[in-house]
Amino acid sequence: MFALGSLMLVQTMTVNAISIYQKDVKMKEILQVITANNGVLPKGYDDTSREHAQDIFNPFGQFEITLETPYSTRYFVVELTGNVVTKVSTENIAAVDNRKALEYAAQIYGTEPGYGTLDSYRYLYTKNGDRSMMVFLYFQNEVKEIATLFSISVTVSAVTLLVLLAIIYLLSKNAMKPVAESIKKQKQFITDAGHELKTPLTIISADAEVLEMCHGENEWTASIKNQTSRMNVLVKNLVELTKLNEAQDTSERTNFSLSDAVIETASDFESRAKINGQSLIFSVSPSIRYFGNEAEIRQLVSILCDNAIKYTDKGGTIKISLYRSGTSTYLDIFNTTEYVNPSSVSRLFDRFYRGDSSRSRETGGYGIGLSIAKAIVDRHKGKIKAIANGTKEITFRVTL
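Bear in mind the structure is a predicted one, so any value in this text is a computation, not a measurement. (Residues numbered from 1 in each chain as written. Predicted model: local features only at pLDDT ≥ 70, side-chain atom pairs only at ≥ 80, totals over all residues. Heavy atoms only, no water.)

**Considerations on helix 3 (residues 98-108)**
Within helix 3, the full set of buried residues consists of Ala101, Tyr104, Ala105 and Ile108. For helix 3, the arc enclosing every buried residue in end-on projection is 100°, short of the 170-degree limit, so these residues lie on one face. Pointing more than 90 degrees away from the buried face of helix 3 are the exposed residues Arg99, Ala106 and Gln107. Summarising the contacts, the buried residues of helix 3 are in contact with strand 1 (75-81), strand 2 (84-89), strand 3 (114-118), strand 4 (121-128) and strand 5 (131-138). Positive backbone phi, approximately 95°, marks Gly110, located one or two places after helix 3. (Buried < 20%, exposed > 50% of the residue type's maximum accessible area, 1.4 Å probe, protein only. Helix = DSSP H or I, 4+ residues; strand = E, 2+ residues; numbered from the N terminus. Arc of directions from axis to C-beta. Contact = heavy atoms within 4.5 Å.)

**So, the sheet that holds strand 1**
The pairing of strands in a sheet happens through backbone hydrogen bonds and is either parallel or antiparallel. The strand order across the open sheet formed by 5 strands is 2-1-5-4-3, and the pairing between neighbours is antiparallel. Strands with a single pairing partner mark the edges of an open sheet, and in this sheet they are strand 2 and strand 3. Across the sheet, the mean angle separating the axes of adjacent strands is 20° when strand polarity is ignored. Where strand 1 lies against strand 2, 5 bridges are found, and the strand directions are antiparallel. (Pairing = 2+ DSSP bridges. Axes fitted to C-alpha atoms, helices over the stretch in contact; angles between N-to-C directions.)

**Details of the pattern of salt bridges**
All told, the structure shown has 15 salt bridges when counted by the stated rule. Arg99 is paired through a salt bridge with Glu103; the nearest N and O atoms lie 2.7 Å apart. Residue Arg99 and its partner Glu103 are located together in helix 3, separated by 4 residues, close to a single helical turn. Accessibility expressed as a relative area gives 51% for Arg99, which makes it exposed. Relative accessible area serves as the criterion here: at 40%, Glu103 is assigned to the partly exposed category. With a closest N to O distance of 3.2 Å, Glu212 and Lys225 form a salt bridge. Remark: Lys225 occurs in helix 5 (residues 219-244) and Glu212 occurs in helix 4 (residues 140-215); sequence separation between them is 13 residues. Its relative accessible area of 16% is what places Glu212 among the buried residues. Since its relative accessible area comes to 30%, Lys225 is described here as partly exposed. (Salt bridge = Lys/Arg side-chain N within 4 Å of Asp/Glu carboxyl O.)

**Some thoughts on unusual backbone geometry**
The phi dihedral of Asp119 is positive, around 55°, even though this residue is not glycine. Inspection of the secondary structure assignment puts Asp119 in the loop between strand 3 and strand 4. Despite not being glycine, Lys381 has its phi angle at roughly 60°, a positive value. Following the sequence through the fold, Lys381 ends up in the loop between helix 10 (369-379) and strand 11 (383-387).

**Focus on the environment of Tyr123**
Summarising the element assignment, Tyr123 is placed in strand 4. The exposure class of Tyr123 is buried, given its relative accessible area of 12%. Sequence spacing of Tyr123 and Met27 is 96 residues, and the spatial spacing of their C-alpha atoms is 8.9 Å. Discounting residues that sit within four places of it in the chain, Tyr123 has contacts with Leu31, Ile108, Gly114, Tyr115, Gly116, Thr117, Leu118, Val135 and Phe136.

Dropping the structure here:
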């Protein structure tokens, strides 16, 4: 509707602009004819046979003067020789007498010859030696016609848009119904499948423990327990992501200390960073509060910190920053890493996308965490993006 409205606006403005251009051409043509005929638009004059007569398919063509034009044109003429008025003609206009005609002529006398506008009149001022002629053409009727056309065109366009909006609104419900049903079924399938997978995964894990009790631990039972554990985490994340993407957000929101939430959540990763030989630096502005779901925001910080530790090399640096700028709050998670292609950073939030699949297998990544982070930010009407400048570092910036 926005695109259609923009198109109709351009169309309406174009039609009105062409109308204004045509009126201007018409007035100039009439002024030229009067000037060429010594201040008279002769009755019986007809230029429809002239080569430049307007073509109905060419809106920019010249105006044609017909036999009826002299009877519908209101004008007056003032002629001078030197500084002496030699002719004042007001018989073709009722609103101006000779005195007013001279007053109008006095206002433009001495200016540069050419076209101009004075009050309700369009004029043509010409000089030939010491002889001057000023022809004034009343054009308020044309102004009224332009205003009427503008009013009608805008009203028709607005009504048309409203009618189309109503039609599209009513029809789109039926048109989008299959899509909405498909999305709903997809989400329901993930939820149902998640619940159905939990039982066999639990049984497999329990059977592996029984085998270890009976025959002792070996590489096969350890592999079974490891893979079932990974599957449990994957199923849990998929179900959680589906819930976060639900259209209705019924989560409880409170006004809490965002600064405390970030510091407390990120501090839990200090021991992991220390074991990996990584530097964890905090730059958190105090007393920043935020209205939202505290548990989800803590989960967001946890996901981003976990991601940073997983993909930061040994001896690398992780920096967590929280600050306000204007009316927005920014959370930056910076970490050094292997080379990141700037063109691929936008895909990091796609489900199951992993920038480095070999590193993900080592660290147990699934490509779900950042999707959950984006879903949490979207639920809070914020923005999240990854910033990489082609160097061995990356920053995830959350704007709340």
